[in-house]
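Letter by letter, the chains look like this.
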Amino acid sequence: MRVFVAGATGAVGRPLVPMLVEKGHEVLGLARSAGAAEEIAGLAGTPVTADALDREAVVAAIARVRPEAVVHQLTAIPSPLDPKHIDAEFRLTNRLRTEGTRNLLDGWRAAGGRLFVAQSIAFAYDPEGRGLRTEDDPLWRRPPRTFAGILEAIRDLESRVTAAGGAVLRYGHLYGPGTQLADDGANTARVRAGRFPVVGSGEAVFSFTHVDDAAGAAVRALETGVRGVFNVVDDDPAPVREWLPELARQLGAPAPGHVPTAAAEETSGEWGVAYLTRLAGASNARARQAMGWRPIHPSWRRAMVAQSAGGRH
Ligand SMILES: NC(=O)c1ccc[n+]([C@@H]2O[C@H](COP(=O)([O-])OP(=O)(O)OC[C@H]3O[C@@H](n4cnc5c(N)ncnc54)[C@H](OP(=O)(O)O)[C@@H]3O)[C@@H](O)[C@H]2O)c1
(Lines give C-alpha, C1' and ligand atoms only; values in the text may rest on other atoms or scores of the structure.)
Protein backbone atom coordinates (compact mmCIF):
# COMPACT_ATOMS: atom_id res chain seq x y z
CA MET A 1 0.00 0.00 0.00
CA ARG A 2 1.00 3.65 -0.33
CA VAL A 3 1.94 4.90 3.15
CA PHE A 4 2.56 8.56 4.02
CA VAL A 5 4.88 8.77 7.05
CA ALA A 6 5.04 12.04 8.99
CA GLY A 7 8.13 11.93 11.24
CA ALA A 8 10.03 9.60 8.86
CA THR A 9 13.39 10.91 10.09
CA GLY A 10 12.64 10.57 13.84
CA ALA A 11 13.61 7.82 16.26
CA VAL A 12 10.65 5.63 15.23
CA GLY A 13 10.43 6.79 11.59
CA ARG A 14 13.99 5.72 10.78
CA PRO A 15 13.37 2.00 11.42
CA LEU A 16 9.76 2.27 10.19
CA VAL A 17 10.51 3.41 6.63
CA PRO A 18 12.82 0.50 5.67
CA MET A 19 10.50 -1.97 7.45
CA LEU A 20 7.58 -0.84 5.29
CA VAL A 21 9.69 -0.86 2.11
CA GLU A 22 10.92 -4.37 2.86
CA LYS A 23 7.31 -5.54 3.14
CA GLY A 24 6.58 -4.19 -0.33
CA HIS A 25 4.85 -0.94 0.67
CA GLU A 26 5.54 2.37 -1.03
CA VAL A 27 6.63 5.03 1.47
CA LEU A 28 6.16 8.76 1.09
CA GLY A 29 7.94 10.63 3.85
CA LEU A 30 7.07 14.15 5.00
CA ALA A 31 10.20 16.32 4.85
CA ARG A 32 10.46 19.94 5.91
CA SER A 33 14.10 20.38 4.89
CA ALA A 34 16.48 19.29 2.16
CA GLY A 35 18.43 17.30 4.75
CA ALA A 36 15.32 15.36 5.81
CA ALA A 37 14.40 14.75 2.15
CA GLU A 38 17.86 13.32 1.53
CA GLU A 39 17.59 11.11 4.62
CA ILE A 40 14.19 9.76 3.51
CA ALA A 41 15.52 9.01 0.02
CA GLY A 42 18.44 7.19 1.70
CA LEU A 43 15.91 5.01 3.57
CA ALA A 44 14.28 4.09 0.22
CA GLY A 45 11.27 6.37 0.73
CA THR A 46 10.10 9.22 -1.48
CA PRO A 47 10.27 12.64 0.20
CA VAL A 48 7.25 14.94 0.08
CA THR A 49 7.96 18.51 1.14
CA ALA A 50 5.85 20.41 3.71
CA ASP A 51 5.98 21.69 7.28
CA ALA A 52 3.58 19.68 9.48
CA LEU A 53 2.28 22.91 11.05
CA ASP A 54 1.40 24.49 7.70
CA ARG A 55 -2.13 23.21 7.11
CA GLU A 56 -2.45 24.15 3.46
CA ALA A 57 0.92 22.72 2.55
CA VAL A 58 0.21 19.43 4.39
CA VAL A 59 -3.24 18.99 2.85
CA ALA A 60 -1.86 19.76 -0.64
CA ALA A 61 1.11 17.40 -0.14
CA ILE A 62 -1.10 14.49 0.94
CA ALA A 63 -3.63 15.19 -1.82
CA ARG A 64 -0.83 15.12 -4.38
CA VAL A 65 0.36 11.61 -3.44
CA ARG A 66 -3.04 10.09 -2.44
CA PRO A 67 -1.83 7.57 0.17
CA GLU A 68 -3.99 4.73 1.46
CA ALA A 69 -2.55 5.25 4.91
CA VAL A 70 -1.03 8.03 7.02
CA VAL A 71 1.31 7.32 9.96
CA HIS A 72 1.88 10.16 12.44
CA GLN A 73 5.22 9.93 14.29
CA LEU A 74 5.82 13.67 14.73
CA THR A 75 7.43 14.99 17.91
CA ALA A 76 9.96 17.71 18.65
CA ILE A 77 11.36 16.69 22.01
CA PRO A 78 14.56 18.49 23.02
CA SER A 79 17.57 16.48 24.10
CA PRO A 80 18.59 16.80 26.89
CA LEU A 81 15.24 17.63 28.49
CA ASP A 82 14.84 20.01 31.43
CA PRO A 83 12.21 18.27 33.61
CA LYS A 84 11.64 21.41 35.67
CA HIS A 85 10.37 23.22 32.58
CA ILE A 86 8.75 20.29 30.82
CA ASP A 87 5.79 22.48 29.79
CA ALA A 88 8.05 24.80 27.76
CA GLU A 89 10.10 21.86 26.45
CA PHE A 90 6.97 20.25 24.99
CA ARG A 91 5.35 23.36 23.49
CA LEU A 92 6.23 22.41 19.94
CA THR A 93 5.44 18.72 20.45
CA ASN A 94 2.03 19.72 21.83
CA ARG A 95 1.41 21.71 18.65
CA LEU A 96 2.45 18.74 16.52
CA ARG A 97 0.00 16.59 18.50
CA THR A 98 -2.88 19.04 18.17
CA GLU A 99 -2.50 21.20 15.02
CA GLY A 100 -0.21 18.63 13.33
CA THR A 101 -2.76 15.86 13.88
CA ARG A 102 -5.61 18.01 12.57
CA ASN A 103 -3.59 18.90 9.46
CA LEU A 104 -2.70 15.28 8.74
CA LEU A 105 -6.29 14.12 9.31
CA ASP A 106 -7.61 16.86 7.00
CA GLY A 107 -5.14 15.83 4.28
CA TRP A 108 -5.90 12.13 4.77
CA ARG A 109 -9.66 12.72 4.51
CA ALA A 110 -9.31 14.95 1.45
CA ALA A 111 -7.18 12.27 -0.23
CA GLY A 112 -9.70 9.51 0.61
CA GLY A 113 -7.27 7.62 2.88
CA ARG A 114 -8.36 4.38 4.55
CA LEU A 115 -5.98 3.96 7.51
CA PHE A 116 -4.53 6.40 10.05
CA VAL A 117 -2.04 5.43 12.77
CA ALA A 118 -0.67 7.86 15.36
CA GLN A 119 1.91 7.79 18.16
CA SER A 120 0.90 8.46 21.78
CA ILE A 121 2.39 7.56 25.18
CA ALA A 122 1.73 4.67 27.58
CA PHE A 123 3.03 6.50 30.66
CA ALA A 124 0.24 9.01 31.22
CA TYR A 125 -2.02 6.69 33.23
CA ASP A 126 -3.39 7.90 36.54
CA PRO A 127 -0.97 6.84 39.29
CA GLU A 128 -3.92 6.16 41.60
CA GLY A 129 -4.58 2.54 40.78
CA ARG A 130 -3.01 -0.89 40.92
CA GLY A 131 -1.00 -3.14 38.67
CA LEU A 132 -0.30 -2.75 34.98
CA ARG A 133 -2.63 -0.33 33.24
CA THR A 134 -4.83 -1.31 30.35
CA GLU A 135 -6.19 1.04 27.70
CA ASP A 136 -9.47 1.23 29.64
CA ASP A 137 -7.80 2.77 32.68
CA PRO A 138 -8.06 6.54 33.14
CA LEU A 139 -5.28 8.93 32.21
CA TRP A 140 -3.82 11.16 34.93
CA ARG A 141 -6.75 12.98 36.58
CA ARG A 142 -4.79 15.53 38.61
CA PRO A 143 -1.45 15.75 36.77
CA PRO A 144 1.50 17.87 37.89
CA ARG A 145 0.87 21.44 36.68
CA THR A 146 3.67 21.38 34.11
CA PHE A 147 2.40 18.10 32.63
CA ALA A 148 -1.20 19.29 32.18
CA GLY A 149 -0.67 20.82 28.72
CA ILE A 150 1.14 17.69 27.47
CA LEU A 151 -1.73 15.54 28.68
CA GLU A 152 -4.28 17.82 27.06
CA ALA A 153 -2.46 17.51 23.72
CA ILE A 154 -2.36 13.71 24.10
CA ARG A 155 -6.09 13.59 24.82
CA ASP A 156 -6.77 15.83 21.81
CA LEU A 157 -4.70 13.61 19.49
CA GLU A 158 -6.23 10.40 20.78
CA SER A 159 -9.82 11.58 20.59
CA ARG A 160 -9.45 12.96 17.05
CA VAL A 161 -7.69 9.87 15.72
CA THR A 162 -10.08 7.37 17.29
CA ALA A 163 -13.13 9.42 16.18
CA ALA A 164 -11.75 9.22 12.63
CA GLY A 165 -11.53 5.40 12.90
CA GLY A 166 -7.74 5.33 13.26
CA ALA A 167 -5.36 3.52 15.59
CA VAL A 168 -3.45 5.16 18.46
CA LEU A 169 -0.25 3.43 19.57
CA ARG A 170 0.71 4.31 23.12
CA TYR A 171 4.48 3.74 23.20
CA GLY A 172 6.33 3.15 26.44
CA HIS A 173 9.64 4.81 27.28
CA LEU A 174 11.53 4.54 24.02
CA TYR A 175 15.04 3.14 23.88
CA GLY A 176 17.26 2.20 20.97
CA PRO A 177 19.09 4.23 18.32
CA GLY A 178 18.13 7.90 18.23
CA THR A 179 16.68 7.97 21.75
CA GLN A 180 17.90 9.52 24.99
CA LEU A 181 18.77 5.98 26.13
CA ALA A 182 20.97 5.23 23.11
CA ASP A 183 24.68 4.68 23.64
CA ASP A 184 25.14 8.36 22.72
CA GLY A 185 21.86 9.52 24.33
CA ALA A 186 21.41 12.33 26.84
CA ASN A 187 20.10 10.11 29.65
CA THR A 188 22.83 7.54 29.05
CA ALA A 189 25.36 10.35 29.45
CA ARG A 190 23.73 11.36 32.75
CA VAL A 191 23.94 7.77 34.03
CA ARG A 192 27.60 7.50 32.95
CA ALA A 193 28.38 10.77 34.76
CA GLY A 194 26.61 9.60 37.94
CA ARG A 195 24.03 12.39 37.52
CA PHE A 196 20.87 10.22 37.27
CA PRO A 197 19.89 9.26 40.83
CA VAL A 198 17.08 7.09 42.17
CA VAL A 199 14.55 9.56 43.58
CA GLY A 200 12.73 8.61 46.80
CA SER A 201 12.29 4.85 46.78
CA GLY A 202 12.31 4.79 42.96
CA GLU A 203 8.91 3.16 42.74
CA ALA A 204 7.72 4.56 39.38
CA VAL A 205 7.21 1.59 37.07
CA PHE A 206 8.58 1.98 33.55
CA SER A 207 7.30 0.04 30.56
CA PHE A 208 9.91 0.31 27.82
CA THR A 209 9.59 0.02 24.05
CA HIS A 210 12.51 -0.50 21.68
CA VAL A 211 12.18 1.79 18.62
CA ASP A 212 12.15 -1.27 16.32
CA ASP A 213 9.12 -2.59 18.24
CA ALA A 214 7.43 0.83 18.07
CA ALA A 215 7.94 0.75 14.29
CA GLY A 216 6.90 -2.91 14.03
CA ALA A 217 3.63 -2.17 15.82
CA ALA A 218 2.85 0.62 13.34
CA VAL A 219 3.37 -1.87 10.50
CA ARG A 220 1.08 -4.42 12.24
CA ALA A 221 -1.57 -1.75 12.83
CA LEU A 222 -1.55 -0.91 9.11
CA GLU A 223 -1.58 -4.51 7.96
CA THR A 224 -4.40 -5.56 10.31
CA GLY A 225 -6.40 -2.33 9.99
CA VAL A 226 -7.12 -2.19 13.74
CA ARG A 227 -8.95 0.78 15.23
CA GLY A 228 -8.76 2.19 18.75
CA VAL A 229 -6.07 2.59 21.39
CA PHE A 230 -3.23 0.11 22.04
CA ASN A 231 -0.39 0.01 24.56
CA VAL A 232 2.79 -0.89 22.67
CA VAL A 233 5.21 -1.81 25.45
CA ASP A 234 7.57 -4.67 26.26
CA ASP A 235 6.85 -7.64 28.55
CA ASP A 236 9.09 -6.53 31.40
CA PRO A 237 7.84 -3.46 33.32
CA ALA A 238 10.23 -2.53 36.12
CA PRO A 239 10.53 0.10 38.85
CA VAL A 240 13.24 2.77 38.55
CA ARG A 241 15.07 1.30 41.56
CA GLU A 242 15.56 -1.85 39.46
CA TRP A 243 16.20 -0.69 35.88
CA LEU A 244 18.39 2.32 36.67
CA PRO A 245 21.10 0.40 38.62
CA GLU A 246 20.98 -2.33 35.96
CA LEU A 247 21.49 0.24 33.20
CA ALA A 248 24.43 1.74 35.14
CA ARG A 249 25.90 -1.75 35.51
CA GLN A 250 25.55 -2.41 31.76
CA LEU A 251 27.29 0.90 31.07
CA GLY A 252 30.10 0.23 33.54
CA ALA A 253 28.99 3.44 35.27
CA PRO A 254 28.96 4.10 39.04
CA ALA A 255 25.88 2.78 40.87
CA PRO A 256 23.25 5.56 40.93
CA GLY A 257 22.96 7.57 44.12
CA HIS A 258 19.74 8.15 46.07
CA VAL A 259 18.06 11.53 46.49
CA PRO A 260 15.06 12.29 48.72
CA THR A 261 11.98 13.58 46.88
CA ALA A 262 12.09 17.03 48.53
CA ALA A 263 15.66 17.63 47.31
CA ALA A 264 14.83 16.30 43.82
CA GLU A 265 11.86 18.67 43.62
CA GLU A 266 14.28 21.61 43.97
CA THR A 267 16.29 20.56 40.91
CA SER A 268 13.75 18.68 38.78
CA GLY A 269 10.39 20.16 39.75
CA GLU A 270 7.11 18.37 40.48
CA TRP A 271 7.04 16.57 37.13
CA GLY A 272 10.66 15.39 37.43
CA VAL A 273 9.85 13.78 40.78
CA ALA A 274 6.52 12.34 39.64
CA TYR A 275 8.24 10.84 36.58
CA LEU A 276 10.64 8.86 38.75
CA THR A 277 8.32 8.02 41.65
CA ARG A 278 4.72 7.77 40.44
CA LEU A 279 4.41 6.52 36.84
CA ALA A 280 2.61 3.24 36.26
CA GLY A 281 3.55 0.41 33.90
CA ALA A 282 1.26 -0.78 31.12
CA SER A 283 -0.03 -4.09 29.74
CA ASN A 284 0.44 -5.01 26.06
CA ALA A 285 -2.29 -7.70 26.09
CA ARG A 286 -4.63 -5.82 23.75
CA ALA A 287 -1.96 -5.19 21.08
CA ARG A 288 -0.96 -8.86 21.24
CA GLN A 289 -4.53 -10.04 20.93
CA ALA A 290 -5.97 -7.54 18.42
CA MET A 291 -3.09 -7.21 15.98
CA GLY A 292 -0.91 -10.21 16.77
CA TRP A 293 1.95 -7.89 17.71
CA ARG A 294 4.87 -9.40 19.64
CA PRO A 295 7.90 -7.38 20.80
CA ILE A 296 11.18 -8.39 19.15
CA HIS A 297 12.79 -7.04 22.32
CA PRO A 298 10.52 -8.43 25.10
CA SER A 299 12.84 -7.09 27.80
CA TRP A 300 15.16 -4.11 28.20
CA ARG A 301 16.99 -6.12 30.84
CA ARG A 302 19.62 -8.10 29.00
CA ALA A 303 21.20 -5.41 26.89
CA MET A 304 19.55 -2.01 26.90
CA VAL A 305 22.61 -0.26 25.56
CA ALA A 306 23.74 -2.99 23.16
CA GLN A 307 20.25 -2.83 21.65
CA SER A 308 20.61 0.93 21.42
CA ALA A 309 23.88 1.39 19.51
CA GLY A 310 24.05 3.93 16.70
CA GLY A 311 21.72 6.78 15.72
CA ARG A 312 21.23 10.34 16.97
CA HIS A 313 20.75 11.91 20.46
N1 LIG B 1 7.45 7.44 24.09
C2 LIG B 1 8.62 8.02 24.22
O3 LIG B 1 9.40 7.74 25.13
C4 LIG B 1 9.06 9.01 23.21
C5 LIG B 1 8.25 9.37 22.12
C6 LIG B 1 8.75 10.25 21.16
C7 LIG B 1 10.03 10.74 21.29
N8 LIG B 1 10.78 10.38 22.37
C9 LIG B 1 12.16 10.83 22.53
O10 LIG B 1 12.37 12.13 22.06
C11 LIG B 1 13.62 12.21 21.44
C12 LIG B 1 13.44 12.69 20.03
O13 LIG B 1 12.59 11.75 19.38
P14 LIG B 1 12.32 11.70 17.84
O15 LIG B 1 13.56 11.32 17.09
O16 LIG B 1 11.10 10.92 17.60
O17 LIG B 1 11.93 13.18 17.61
P18 LIG B 1 12.52 14.19 16.62
O19 LIG B 1 13.95 13.99 16.36
O20 LIG B 1 12.10 15.49 17.15
O21 LIG B 1 11.78 13.77 15.27
C22 LIG B 1 10.45 13.54 15.11
C23 LIG B 1 10.11 13.60 13.64
O24 LIG B 1 9.18 14.66 13.47
C25 LIG B 1 9.62 15.49 12.40
N26 LIG B 1 9.15 16.83 12.60
C27 LIG B 1 9.18 17.56 13.74
N28 LIG B 1 8.61 18.78 13.52
C29 LIG B 1 8.19 18.79 12.22
C30 LIG B 1 7.51 19.73 11.40
N31 LIG B 1 7.14 20.93 11.88
N32 LIG B 1 7.24 19.39 10.12
C33 LIG B 1 7.61 18.21 9.62
N34 LIG B 1 8.25 17.26 10.34
C35 LIG B 1 8.53 17.55 11.62
C36 LIG B 1 11.14 15.39 12.44
O37 LIG B 1 11.63 15.82 11.21
P38 LIG B 1 13.06 16.54 11.05
O39 LIG B 1 14.03 15.45 10.69
O40 LIG B 1 12.85 17.49 9.94
O41 LIG B 1 13.36 17.21 12.35
C42 LIG B 1 11.29 13.90 12.71
O43 LIG B 1 11.10 13.17 11.52
C44 LIG B 1 14.25 10.84 21.49
O45 LIG B 1 15.10 10.77 22.58
C46 LIG B 1 13.07 9.95 21.71
O47 LIG B 1 13.38 8.78 22.43
C48 LIG B 1 10.32 9.53 23.32
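Residues numbered from 1 in each chain as written. Predicted model: local features only at pLDDT ≥ 70, side-chain atom pairs only at ≥ 80, totals over all residues. Heavy atoms only, no water.

> Now, about the sheet that holds strand E2 (residues 26-31): what can you tell me, with residues and values included?
Sheet strands pair by backbone hydrogen bonding; their relative direction is either parallel or antiparallel. Ordered by their spatial adjacency, 7 strands build an open sheet running E3-E2-E1-E4-E5-E6-E11, and the pairing between neighbours is parallel. The open sheet is flanked by strand E3 (46-49) and strand E11 (228-232), the only strands paired with a single partner. Strand-to-strand, the axes of this sheet are offset by a mean angle of 25°, without reference to chain direction. By the bridge criterion, 5 bridges tie strand E6 (residues 167-171) to E11 in an arrangement that is parallel. Bridge pairing links Tyr 171 to Val 232 in E11. (Pairing = 2+ DSSP bridges. Helix = DSSP H or I, 4+ residues; strand = E, 2+ residues; numbered from the N terminus. Axes fitted to C-alpha atoms, helices over the stretch in contact; angles between N-to-C directions.)

> Give me the environment of Arg 133: which residues, what numbers.
For Arg 133, the position within the fold is in the loop between strand E5 (115-121) and helix H6 (148-163). With 131 residues separating them in the primary sequence, Arg 133 and Ala 264 have C-alpha atoms 26 Å apart. If sequence neighbours within four positions are ignored, Arg 133 has contacts with Tyr 125, Asp 126, Pro 127, Glu 128, Asn 231, Ala 280, Gly 281, Ala 282 and Ser 283. A polar contact is formed between the side chain of Arg 133 and the backbone oxygen of Asp 126, at a distance of 3.0 Å. (Contact = heavy atoms within 4.5 Å. Polar contact = N/O pair within 3.5 Å; in protein donor to acceptor, adjacent residues only side chain to side chain.)

> Describe in detail the site of the ligand, supporting the description with residues and values.
As a structural note, the neighbourhood of the ligand is formed by 28 residues, with Thr 9, Ala 11, Arg 32, Ala 52 and Thr 75 the closest of them. Contacts to the ligand include Ala 11, whose backbone N or O atom sits 2.7 Å from an oxygen atom. Protein contacts shield 90% of the accessible area of the ligand, which totals 890 Å² for the unbound molecule. Sorting the residues of the shell around the ligand by element identifies E5 and strand E7 (173-175) as the ones contributing at least two each. (Near = heavy atom within 4 Å. Areas by Shrake-Rupley, 256 points an atom, 1.4 Å probe, with all protein chains shown as cover.)

> I'd like to hear about the nonpolar core, residue by residue, with values.
Ranked by size, the top nonpolar core spans 41 residues in total, and within it Phe 147, Val 191, Phe 206, Phe 208, Trp 243 and Leu 247 carry the most contacts. Secondary-structure elements contributing two or more residues to this core are H6, strand E8 (198-199), helix H9 (240-251) and helix H10 (261-277). Per-element tally for this core: the top contributor is H9, with 6 residues. Setting aside its immediate chain neighbours within four residues, Phe 208 contacts His 173, Tyr 175, Leu 181, Val 233, Asp 234, Trp 243, Trp 300 and Met 304. Grouped together as the second largest cluster of nonpolar side chains are 33 residues, Val 12, Ile 40, Tyr 171 and Met 291 included. (Core = buried A, V, L, I, M, F, W, Y, C linked by side-chain atoms within 4.5 Å. Buried < 20%, exposed > 50% of the residue type's maximum accessible area, 1.4 Å probe, protein only.)

> Describe unusual backbone geometry, listing the residues and the values that go with them.
Ser 79 connects to Pro 80 through a cis peptide bond whose omega is 0°. With respect to the secondary-structure elements, Pro 80 resides in the loop between strand E4 (69-72) and helix H4 (86-89). Residues other than glycine seldom take positive phi values, yet Ala 44 does so here, at roughly 75°. Its location among the elements puts Ala 44 in the loop between helix H2 (34-42) and E3. Positive phi, normally seen in glycine, also occurs at Arg 66, with a value near 45°. By the element assignment, Arg 66 lies in the loop between helix H3 (55-65) and E4.

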